[in-house]
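# A look at the structure
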Amino acid sequence: MNNRKHLTCGTPSGRSHCMEAWIPDAKDLEMYLRLLMAVALGSTIGIERAFRDKPAGFRTNILICVGACVFTISSTWVSGPNVDQSRIAAQIVSGVGFLGAGAIIRDAKGVVGLTTAATIWSVAALGMAAGLGEFKLAIAGCAGVMFVLVVMPLLANAIELRRDLMDYRIVTPRSQDELDRIEARFAEHGLKIIVQEFFEREKSIVFVIKALGPRDGHHQFRREVLLMDEWRLCEV
């Protein structure tokens, strides 16, 4: 970090210089501050991840953030006519990408771990910002990540509460225009048909439908069908 002359600590003058070498100067204090910022940023996101019992929790996020910070600080010390200081930063991005890929799992229900992988990638970016001394950028980025992890799920849950996916089994007389009538009734109540199947019987048609829409729309549709003589709503 500092270009201090190397002396043997066994001699009196050497011991004096060795003690001076361990006394932090302004550059050292700035380095410590950057590392503390990385610890604080990693801790902030790590607490949220640990609270939700995610694979990359408290310590993992701190280590990722501090590691990216150390690599970034080290890259600023490298100098020379043929030295590209951005190469270390580029390797951080690719290296963290492999780390995040290990958090993505595909199972029978689909792909899980994408948010965890994206969080790992974002925490590394915050560590790089802290390592460069861009504290405003790092804090603003951390606030943005926390908004996505904490506030956005609440908004998503509120939206999901307003939109339900429900199954219907409707028996109608055998007629060519019954399908058009059913689609029109669903549309009147703001319901979108996602899956639709039908089975023809001798004197009737059975429609098996999955519809997505507001909860009130589902209630109104069911109430309307129950009051109709020609249609019959069966339990699914």
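For the structure itself, consult the block above.
Residues numbered from 1 in each chain as written. Predicted model: local features only at pLDDT ≥ 70, side-chain atom pairs only at ≥ 80, totals over all residues. Heavy atoms only, no water.

Moving on: the pattern of salt bridges. Note that side chains of opposite charge can pair when their charged atoms are close. Following the criterion strictly, the structure yields eight salt bridges and no others. As a salt-bridge pair, Glu30 and Arg34 come within 2.5 Å of each other at their nearest N and O atoms. Taken as a pair, Glu30 and Arg34 lie in helix α2 (residues 26–51) at a separation of four residues, close to a single helical turn. By relative accessible area, which is 40% here, Glu30 ends up partly exposed. In this structure, Arg52 engages Glu48 in a salt bridge whose closest nitrogen and oxygen atoms are separated by 2.3 Å. Accessibility expressed as a relative area gives 36% for Arg52, which makes it partly exposed. (Salt bridge = Lys/Arg side-chain N within 4 Å of Asp/Glu carboxyl O. Helix = DSSP H or I, 4+ residues; strand = E, 2+ residues; numbered from the N terminus. Buried < 20%, exposed > 50% of the residue type's maximum accessible area, 1.4 Å probe, protein only.)

Examined bridge by bridge, strand β3 (residues 164–173) and strand β5 (residues 204–213) share 10 bridges and lie antiparallel to one another. Counted as the bridge partner of Tyr168 is Ile209 from β5. Relative to strand β6 (residues 232–234), β3 is paired through three bridges, and the arrangement is antiparallel. Counterpart to Ile170 in the pairing with β6 is Leu233. (Pairing = 2+ DSSP bridges.)

Moving on: the packing of aromatic side chains. Within the structure shown, the criterion is met by four aromatic pairs. Between Tyr168 and Phe186, the aromatic rings sit 5.4 Å apart at their centres with planes inclined by 75 degrees, giving edge-to-face as the arrangement. Here Tyr168 is found in strand β3, whereas its partner Phe186 is found in helix α7 (residues 178–188), with 18 residues between them in sequence. Its relative accessible area of 1% is what places Tyr168 among the buried residues. When the ring of Tyr168 is compared with that of Phe221, the centres are 5.3 Å apart and the planes differ by 85 degrees; the resulting orientation is edge-to-face. Of this pair, Tyr168 sits in strand β3 while Phe221 sits in helix α8 (residues 215–226), and the two are 53 residues apart along the sequence. Note on Phe221: relative accessible area 0%, which makes it buried. The structure contains a cluster of three or more aromatic residues connected by ring pairs, namely Tyr168, Phe186 and Phe221. The ring of Trp231 is capped by Arg185, whose NZ or CZ atom sits 5.6 Å from the centre of that ring. (Phe/Tyr/Trp six-rings, centres within 6.5 Å; stacked < 30°, edge-to-face > 60°. Lys NZ or Arg CZ within 6 Å of the ring centre and 35° of its normal.)

The strands that make up a sheet pair up through hydrogen bonds in the backbone, lying either parallel or antiparallel. Spatially, four strands are ordered β4-β5-β3-β6 in an open sheet, and the strand pairing comes out antiparallel. Single-partner strands in this sheet number two, and they are β4 (192–200) and β6. Going across the sheet, the axis of each strand differs from the next one's by a mean of 25 degrees, ignoring polarity. Pairing of β4 with β5, which is carried by eight bridges, proceeds in the antiparallel orientation. For Glu200, the partnering residue across the bridge sits in β5 and is Ile205. Taken strand by strand, α7 contacts β3, β4 and β5, and its axis lies near 25 degrees from that of β5. (Axes fitted to C-alpha atoms, helices over the stretch in contact; angles between N-to-C directions. Contact = heavy atoms within 4.5 Å.)

Purely geometric stuff here, so don't read any function into it on its own.
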